[in-house]
Amino acid sequence: MAGNGVFAEIIDGDVFKYYCEGEWKKSTSGKSVPIINPTTRKTQYKVQACTQEEVNKVMEISKAAQKSWAKTPLWKRAELLHKAAAILKEHKAPIAECLVKEIAKPAKDAVTEVVRSGDLISYTAEEGVRILGEGKFLVSDSFPGNERTKYCLTSKIPLGVILAIPPFNYPVNLAVSKIAPALIAGNSLVLKPPTQGAVAALHMVHCFHLAGFPKGLISCVTGKGSEIGDFLTMHPGVNCISFTGGDTGVAISKKAGMVPLQMELGGKDACIVLEDADLDLAAGNIVKGGFSYSGQRCTAVKVVLVMESVADTLVEKVKAKVEKLTVGPPEDNCDITPVVSESSANFIEGLVMDAKQKNATFCQPYKREGNLIWPLLLDNVRPDMRIAWEEPFGPVLPVIRINSVEEGIHHCNASNFGLQGCVFTKDINKAILISDAMETGTVQINSAPARGPDHFPFQGIKDSGIGSQGITNSINMMTKVKTTVINLPTPSYTMG
Ligand SMILES: NC(=O)C1=CN([C@@H]2O[C@H](COP(=O)(O)OP(=O)(O)OC[C@H]3O[C@@H](n4cnc5c(N)ncnc54)[C@H](OP(=O)(O)O)[C@@H]3O)[C@@H](O)[C@H]2O)C=CC1
Ligand SMILES: O=C(O)[C@H](O)COP(=O)(O)O
């Protein structure tokens with residue numbers, strides 16, 4: 001149960017505390033933010049509404065804690081991360097339960113998220129030990145006009161205080177994918193969890209606390225992004241922002257100061273299906289890619305672009321699989337569970353109604369109860385429909401029939417998003433040409449888009465992001481290069 005056992009100290013009455021200076025605290029605001037269970041649509045938990053003064057304090061403490069952490073040997077940083085990973089995995093059940101109640105993640109997927117997060121932390125610790133232990137050595141005589149009088153030593157040093165803001169759909173995994181690289185690289189970390197998912201994130205933070213990280217190195221402030229978000233992202237104490245979410249990220253990138261940004265934003269991942277594709281394989285991946293966690297993944301298949309000659313067959317195969325999806329509460333491990341909020345369900349419904357008015361073919365009747373929307377495949381979608389371009393972040397998947405590969409690539413590239421895409425064909429040469437032509441951060445050949453495995457580079461272009469994630473890239477992103485140059489009085493050449 002949430003807030004019980006080793007987690008008892010993170011709650012006061014019915015409000016979860018925030019984390020600062022290595023302690024769990026109540027906000028002086030005296031206010032709390034409710035977390036609404038998407039299934040019951042009732043308040044499930046409450047978290048502190050932190051004040052600007054509390055944010056200031058957190059930043060001050062984080063800056064001081066980082067200075068001594070940067071002097072902590074790399075192997076010791078790694079050791080603590082391994083410990084946190086083990087504690088997190090040990091407590092997967094209560095954390096997964098929070099994910100079920102706060103974001104309606106199906107129970108087994110919730111456990112997977114926590115275990116995957118533990119693995120991510122451990123891998124980051126190992127990778128950090130390898131890549132941060134290495135630097136570069138350059139000599140000056142390779143550049144024209146220079147003798148060998150300068151030896152340049154480069155190493156990777158921390159940035160300072162990292163601000164991490166993950167989204168609701170992976171509040172644990174997309175938090176640790178920022179926390180672990182930040183810490184192994186010698187930074188301190190301030191987490192602002194998504195409101196839906198905040199309690200799972202607070203439990204995860206407590207696992208780092210139990211592992212024994214120094215006081216003030218990790219902090220977690222809660223509150224609505226719309227209320228404390230700007231204050232956090234524009235705070236002069238922040239040296240780097242790692243954000244995952246929607247359009248909010250575009251706004252943050254315009255407001256943030258001169259600090260490195262890592263932005264993973266929305267997507268409209270296209271699935272191009274060619275005439276020679278294995279249609280069973282494509283159909284299976286389209287259903288998995290489009291409907292896992294009810295379509296609430298940035299990497300979900302969000303539009304199918306299928307060659308007209310195989311469209312009828314593909315649609316029939318996808319339709320048959322959609323009809324087998326189970327619909328209901330996350331506790332029952334249903335495939336399709338309620339979407340995160342009523343406003344999200346209303347937004348999805350708006351896209352569906354627009355498609356209906358413009359005569360898309362409904363492969364199933366549209367059905368909604370509260371936040372629960374039954375899976376829906378829309379065939380014969382045309383470019384004048386909103387669903388052709390907008391990201392539903394729900395269990396609704398449009399199919400656009402195309403007459404040439406170029407038409408599919410054109411649709412994909414006309415999107416303001418460029419996260420991932422996929423292509424189904426048995427012809428590897430065609431697949432490579434299409435992959436090269438698609439303006440997306442990643443293209444999957446013969447599989448649905450996905451971020452994992454978590455050490456793979458993960459990036460979006462255009463409005464889908466800035467920079468690249470994945471364990472190695474995140475560690476590098478959270479460091480800067482420092483060089484020391486040894487100037488010799490006379491040129492020195494090593495003997496052959
Ligand atoms: N590319 C990727 O890796 C991913 C992209 N996404 C995208 O995220 C969207 C859905 O996630 P969702 O959580 O709703 O996204 P949001 O952009 O609404 O929220 C993301 C995070 O930002 C916080 N936030 C809100 N306003 C501000 C602000 N002004 N300043 C700073 N932080 C703020 C939120 O807090 P609060 O909850 O308190 O509002 C939350 O923690 C979709 O568009 C999806 O595609 C999602 C996952 C991964
Ligand atoms: O936020 C998302 O939706 C994720 O980054 C996608 O991760 P996944 O592909 O592992 O579900």
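No experiment lies behind these values; they were computed from the predicted model shown.

Draft legend 1. Representation of the side chain of T51 in the model. Tracing the backbone through its elements, the reader meets T51 in the loop between β6 (43–48) and α1 (52–69). Setting aside chain neighbours within four positions, we find T51 in contact with S27, T28 and S29.

Draft legend 2. The arrangement of the site of ligand 2 in detail. What surrounds ligand 2 is the set R116, N169, Y170, L174, R297, C298, T299, A450, R451 and F458. In the environment of ligand 2, an oxygen atom lies 2.4 Å from a nitrogen or oxygen atom belonging to the side chain of Y170. Between ligand 2 and R297 there is a distance of 2.7 Å, counted from an oxygen atom to a side-chain nitrogen or oxygen. The residue inventory of the shell around ligand 2, partitioned by class, reads five nonpolar, two polar and three charged.

Draft legend 3. Quick look at the UniProt feature "active site" (unreviewed entry) in the protein. Sites flagged by UniProt as "active site" (unreviewed entry) map to E264. On the secondary structure map, E264 appears in strand β13 (residues 261–264). When residues no more than four places from it in sequence are discounted, the contact partners of E264 are F243, T244, G245, L419, F458, Q459, G460, S464, G467, S468 and Q469.

Draft legend 4. Here's a closer look at the pairing of strand β5 (residues 32–36). Burial along β5 is one-sided: the residues V33 and I35 are buried and none of S32, P34 and I36 is. Judged from the five bridges that link them, β5 and β6 form a sheet pairing that is antiparallel. Residue pairing for β6: I36 is matched across the bridge by T43. If you look at the hairpin formed by β5 and β6, you'll find six residues sitting between the two strands, and R41 has a positive phi there, around 60°.

Draft legend 5. Expanded view of the sheet that holds strand β20 (residues 396–402). Taken in spatial order, the seven strands line up as β16-β19-β20-β15-β14-β22-β23 in an open sheet, and their pairing is mixed. Only two strands of the sheet have a single partner each, and these edge strands are β16 (361–362) and β23 (442–445). Across four bridges, strand β14 (residues 270–273) lies against strand β15 (residues 303–307) in parallel orientation. Looking at β15, one finds that C271 is bridged to V304. Relative to the sheet, helix α10 (residues 308–322) contacts β14, β15, β19 (376–379) and β20, its axis offset from that of β15 by approximately 135°. In the packing of helix α13 (residues 428–437) onto the sheet, the strands contacted are β14, β22 (420–424) and β23, and the crossing angle to β23 comes to about 165°.

Draft legend 6. Region of the structure containing the packing of aromatic side chains. Considering all chains together, one arrives at six aromatic pairs under this definition. Linked through ring pairs, W69, F208 and F213 together constitute an aromatic cluster. Sitting over the face of the ring of Y170, K105 holds its NZ or CZ atom 3.9 Å from the ring centroid. Directly above the aromatic system of W374 lies the positively charged group of K367, at a separation of 4.1 Å from the ring centroid.

Draft legend 7. Molecular detail of the packing of helix α2 (residues 74–90) against helix α5 (residues 173–184). Running from amino to carboxyl end, α2 crosses α5 at an angle of 155°, the nearest separation of the two axes being 9 Å. Relative to α5, the element α2 lies roughly antiparallel. Residues L74, R77, A78 and L81 of α2 touch α5, and the partners they reach there are A180, L183 and I184.

Draft legend 8. Structural context of helix α6 (residues 198–211). Its 14 residues give α6 an end-to-end C-alpha distance of 20 Å, which sits within 8% of 20 Å, the value for a rise of 1.5 Å per residue. For α6, the tally of buried residues reaches twelve of 14 residues, placing the bulk of the element in the interior. Count one or two residues on from α6 and you reach G212, which has phi positive near 95°.

The rules behind each value
Residues numbered from 1 in each chain as written. Chains lettered and ligands numbered in written order. Predicted model: local features only at pLDDT ≥ 70, side-chain atom pairs only at ≥ 80, totals over all residues. Heavy atoms only, no water. Helix = DSSP H or I, 4+ residues; strand = E, 2+ residues; numbered from the N terminus. Contact = heavy atoms within 4.5 Å. Near = heavy atom within 4 Å. Polar contact = N/O pair within 3.5 Å; in protein donor to acceptor, adjacent residues only side chain to side chain. Nonpolar A, V, L, I, M, F, W, Y, C, P; charged D, E, K, R; others polar. UniProt positions renumbered as here; feature names shortened; annotations may be inferred. Buried < 20%, exposed > 50% of the residue type's maximum accessible area, 1.4 Å probe, protein only. Pairing = 2+ DSSP bridges. Axes fitted to C-alpha atoms, helices over the stretch in contact; angles between N-to-C directions. Phe/Tyr/Trp six-rings, centres within 6.5 Å; stacked < 30°, edge-to-face > 60°. Lys NZ or Arg CZ within 6 Å of the ring centre and 35° of its normal. Parallel < 35°, antiparallel > 145°, perpendicular 65-115°, else oblique. Expected span 1.5 Å × (residues − 1).

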